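Close look at the chain arrangement
Here is how the chains run, residue by residue.
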Amino acid sequence: RGLGDVYKRQAMASSSTSSSVTKLDGATPVVLSLFRIVFGFLFTVHGTAILFRWPDLASMPPVESWSLGWWAGAIEFLTGVAILFGAGTRIAAFLASGTMAFAYFTQHQSAGLLPIENNGELAVLFCWAFFLLVFTGGGSLSIDAALKKS
């Protein structure tokens, strides 16, 4: 058992790891699409709760038409639908991310420094998830991808 055996084992382990990474890399466009679909759905439902009171959440007070809260709900609903279906994903994600950054700094940040202290975790998660989609696009299972192919 010399140094050559150590190098052979390392090469075999590296080859195995490389093969696993290659398999994962192949799934990236589909997994990215699933990520987009889940976050788009969640954002859409958040918008419907504000605009249409569905689902009706006791913790969410009603908003007046054309108020800042109404506009937030409209943006959440419209960008959520676009992200859900992958239509104009990058633009919709940019608007959604900015909306959540604005929501965090105007509605949460004054209540504490950290998101866990000020109940802003959801706004931060949405903000950064959508910011990621600005740079990655919507994945292979999207209207954007279908239009790109044609």
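A few points on the structure.

Rules and cut-offs
Residues numbered from 1 in each chain as written. Predicted model: local features only at pLDDT ≥ 70, side-chain atom pairs only at ≥ 80, totals over all residues. Heavy atoms only, no water. Phe/Tyr/Trp six-rings, centres within 6.5 Å; stacked < 30°, edge-to-face > 60°. Helix = DSSP H or I, 4+ residues; strand = E, 2+ residues; numbered from the N terminus. Buried < 20%, exposed > 50% of the residue type's maximum accessible area, 1.4 Å probe, protein only. Lys, Arg positive; Asp, Glu negative; His and termini not counted. Salt bridge = Lys/Arg side-chain N within 4 Å of Asp/Glu carboxyl O. Expected span 1.5 Å × (residues − 1). Arc of directions from axis to C-beta.

Attention now moves to the packing of aromatic side chains. The full count for this structure, using the stated rule, is 13 aromatic pairs. For the ring pair F39 and F126, a centre distance of 6.1 Å and an interplane angle of 80° mean the geometry is edge-to-face. Taken together, the positions of F39 in helix α1 (residues 3-51) and F126 in helix α5 (residues 121-136) put the pair 87 residues apart, joining distant regions of the chain. Judged by relative accessible area, which is 5%, F126 ranks as buried. Here W66 and W71 contribute two aromatic rings whose centre-to-centre distance is 5.6 Å and whose plane-to-plane angle is 55°, an arrangement assigned as tilted. Overall, W66 belongs to the exposed group, its relative accessible area being 60%. On the accessibility criterion, W71 (43% relative accessible area) is partly exposed. These aromatic residues form a ring-pair network of at least three members: F35, F39, F43, F126 and F130.

The subject of this paragraph is the side chain of E76. Topologically, E76 is positioned in helix α2 (residues 68-85). As a buried residue without a salt bridge, E76 has its nearest oppositely charged side chain in R53, at a separation of 11 Å.

Looking along the chain, the bond that leaves W54 and enters P55 is cis, with omega of -10°. Along the chain, the position of P55 falls in the loop between α1 and α2. In this model, R53 sits at a positive phi of 60°, which is unusual for a non-glycine residue. Structurally, the position occupied by R53 is in the loop between α1 and α2. For W66, which is not glycine, the phi dihedral falls at a positive 70°. Here W66 lies in the loop between α1 and α2.

Time to look at helix α3 (residues 89-108). Here α3 is 20 residues long and its end C-alpha atoms lie 27 Å apart, about the 28 Å a rise of 1.5 Å per residue gives. Every buried residue of α3 is accounted for by T89, A92, A93, A96, S97, T99, M100, A103, Y104 and H108. Buried residues of α3, viewed axially, fall in a sector of 160°; they line one side. With respect to the buried face of α3, the exposed residues turned more than 90 degrees away are I91, F94 and F105.

Without other data, these values stay purely geometric and don't point to any function.
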